[in-house]
Amino acid sequence: MSTLTANVTRDAALKTLKQYNAEPFHIRHGLTVEAVMGWMAQELGHGEDREFWSLVGLMHDVDFEKWPEEHCVKAPALLREAGFSDAFIHAVCSHGWGMTGTDCKPEHQMEKVLFACDELTGLIGAAALMRPSKSTKDMELKSLKKKYKDKKFAAGCSRECIAQGAELLGWELDELLDKTLRAMAATEDAVEAEVAANT
Ligand SMILES: [Fe+2]
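Residues numbered from 1 in each chain as written. Predicted model: local features only at pLDDT ≥ 70, side-chain atom pairs only at ≥ 80, totals over all residues. Heavy atoms only, no water.

(A) Fine view of the coordination of the iron ion. Each protein donor to the iron ion is listed here as His29 (NE2), His60 (NE2), Asp61 (OD) and Asp118 (OD); together their distances run 2.1 to 2.2 Å. One can describe the site at the iron ion as irregular: its 4 donor atoms subtend angles covering 83 to 173° at the metal. Along the chain, the residues donating to the iron ion are arranged with the sequence spacing H-x30-H-D-x56-D. Of this pair, Asp61 sits in the loop between helix H3 (50–59) and helix H4 (75–81) while Asp118 sits in helix H6 (residues 109–129); the two residues are 57 residues apart in sequence, bridging distant segments of the chain. Taken individually, Asp61 and Asp118 each receive the classification buried, so the pair is uniform in this respect. (Donors = N, O, S within 2.8 Å, 3.2 Å for Na, K, Ca; no water. Tetrahedral: all angles 85-135°; square planar, octahedral: opposite > 155°, others 65-115°. Helix = DSSP H or I, 4+ residues; strand = E, 2+ residues; numbered from the N terminus. Buried < 20%, exposed > 50% of the residue type's maximum accessible area, 1.4 Å probe, protein only.)

(B) Highlighting the side chain of Glu111. Along the chain, Glu111 falls in helix H6. The buried charged residue Glu111 lacks any salt bridge, with Lys112 as its nearest oppositely charged partner at 8.1 Å. Engagement of the side chain of Glu111 in a polar contact is seen with the backbone nitrogen of Ala91, the distance being 3.4 Å. Once you skip the residues sitting within four places of it in the chain, Glu111 turns out to touch His90, Ala91, Ser94, Lys105 and Pro106. (Lys, Arg positive; Asp, Glu negative; His and termini not counted. Salt bridge = Lys/Arg side-chain N within 4 Å of Asp/Glu carboxyl O. Polar contact = N/O pair within 3.5 Å; in protein donor to acceptor, adjacent residues only side chain to side chain. Contact = heavy atoms within 4.5 Å.)

(C) Representation of the environment of Asp138 within the structure. By the element assignment, Asp138 lies in the loop between H6 and helix H7 (141–149). Asp138 sits in the partly exposed class, given a relative accessible area of 42%. Counting along the chain gives 37 residues from Asp138 to Glu175, while the straight-line C-alpha distance between them is 18 Å. At 2.9 Å, the side chain of Asp138 forms a polar contact with the side chain of Ser133.

Without other data, these values stay purely geometric and don't point to any function.
Take a look at the structure:
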């Protein structure tokens, strides 16, 4: 049985996301992290909380487009107003731990996964665009590791944050890269369809 509740449906969540985000880039990122979080919930034995994990992924950057300086600080008020639960708000805010003004630390495994995967999805997405296929589906872990090590590639995706996320989870970096790549490859078609429908 699910132990976590967002208190808000996915339709309502998406509406709130769009209320505060106009840039297709941000909508795409939310939809990507939503899919990765859902895949991870299943993979890690939290299938009963899959919807919660997914919605946290969808909404995690809700305040970033309009309030980049108050990222994770503005989010609680926006999410509370939209009816989200306290557990949900904690999960969203904890992904900015150590980097923004929030003092929420990732505690639940779901929060650690979000913290670890957020920047990494950006790196994997950028690496996919360099490929003839423009896809994650034929990308090998070996080539992702090369991109990860090349600090000049997708320099905005913090390697420090990704490595810290793996450490929080108690995973080797390779395990995090492998799982996140597999999550993105498995959900790529579904995400593209969602992006087309929502941007
Ligand atoms: Fe993010």
